[in-house]
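This is what each chain is made of:
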Amino acid sequence: MNSSDRRVFILQVAAGSTALMALSSVHAQDVVVNEKDAQAIALGYVADSTKVDAKKFPKHAATQMCGNCQVYAGKPGDPAGPCAIFPGKAVSSKGWCSAYVKKAG
Ligand code: SF4
């Protein structure tokens, strides 16, 4: 491999890893949980905590939302973030589901 070939090879590897990094960082945030998914329905997930069915979930409180749930792994201020209950997808920080557990602290 001469130096020109090596430079092309290095550029191709760099471009490939940048593309992979872009794909992996987009992944969780672009696939937002749909309220109509079977698992979302089973857990009573809604993207807006104020829309929780109070008759079905009488223990839900207005202050409960994904953003202050123990399971939520999004950064503070982000509109959505990962949740272990919905692997590979993002939930709305203002959402809620019946698996809600108040974040410690
Ligand atoms: S487990 Fe917590 S973060 Fe995940 S959807 Fe339910 S309320 Fe939101």
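Residues numbered from 1 in each chain as written. Predicted model: local features only at pLDDT ≥ 70, side-chain atom pairs only at ≥ 80, totals over all residues.

Chemist: Help me get a handle on the overall build of the protein chain, residues and values and all.
Modeler: Assigned secondary structure in the protein chain consists of two helices and two strands. Here the protein chain holds 105 residues, and the buried ones make up 25% of them. Summarising the internal contacts of the protein chain: among those between residues at least 6 apart in sequence, 57% fall at separations of at least 24. (Helix = DSSP H or I, 4+ residues; strand = E, 2+ residues; numbered from the N terminus. Buried ≥ 20, exposed ≤ 12 C-beta atoms within 10 Å, placed from the backbone. Contact = placed C-beta atoms within 7 Å.)

Chemist: Just give me the short version of the site of the ligand, but keep the residues and values in it.
Modeler: Neighbouring residues of the ligand: 13 residues in total, closest Cys66, Cys69, Tyr72, Cys83 and Cys97. Of the residues belonging to the shell around the ligand, the class tally is 12 nonpolar, one polar and no charged. (Near = placed C-beta within 6 Å. Nonpolar A, V, L, I, M, F, W, Y, C, P; charged D, E, K, R; others polar.)

Chemist: Kindly report on the environment of glutamine 70, identifying the contributing residues and their values.
Modeler: Structurally, glutamine 70 is set in the loop between helix 2 (38-43) and strand 1 (80-82). Expressed as a C-alpha distance, the spacing of glutamine 70 and alanine 99, which sit 29 residues apart in the sequence, is 9.8 Å. For glutamine 70, the contacting residues outside a window of four places in its chain are Val101, Lys102, Lys103 and Ala104.

Chemist: Talk me through the nonpolar core; I want residue IDs and the actual numbers.
Modeler: In terms of nonpolar packing, the biggest core is built from 18 residues, with Val33, Cys66, Cys83, Val91 and Trp96 touching the most fellow members. For valine 33, the contacting residues outside a window of four places in its chain are Ala40, Tyr45, Phe86, Lys89, Ala90 and Val91. (Core = buried A, V, L, I, M, F, W, Y, C linked by C-beta atoms within 7 Å.)

Chemist: Give me the environment of alanine 104: which residues, what numbers.
Modeler: Position of alanine 104 among the secondary structure elements: in the segment after strand 2 (90-92). Taking C-alpha positions, alanine 104 is 8.6 Å from cysteine 69, a pair spaced 35 residues apart along the chain.

Chemist: Now, about the confidence of the model for the protein chain: what can you tell me, with residues and values included?
Modeler: Predicted coordinates in areas of low pLDDT are best not read in detail. In this model, the protein chain carries an average pLDDT of 83, and 71% of its residues clear a pLDDT of 70 or more. pLDDT under 50 marks residues 14-26. Its contacts with residues more than four places away, or in other chains, come to zero contacts. (pLDDT = per-residue confidence, 0-100.)

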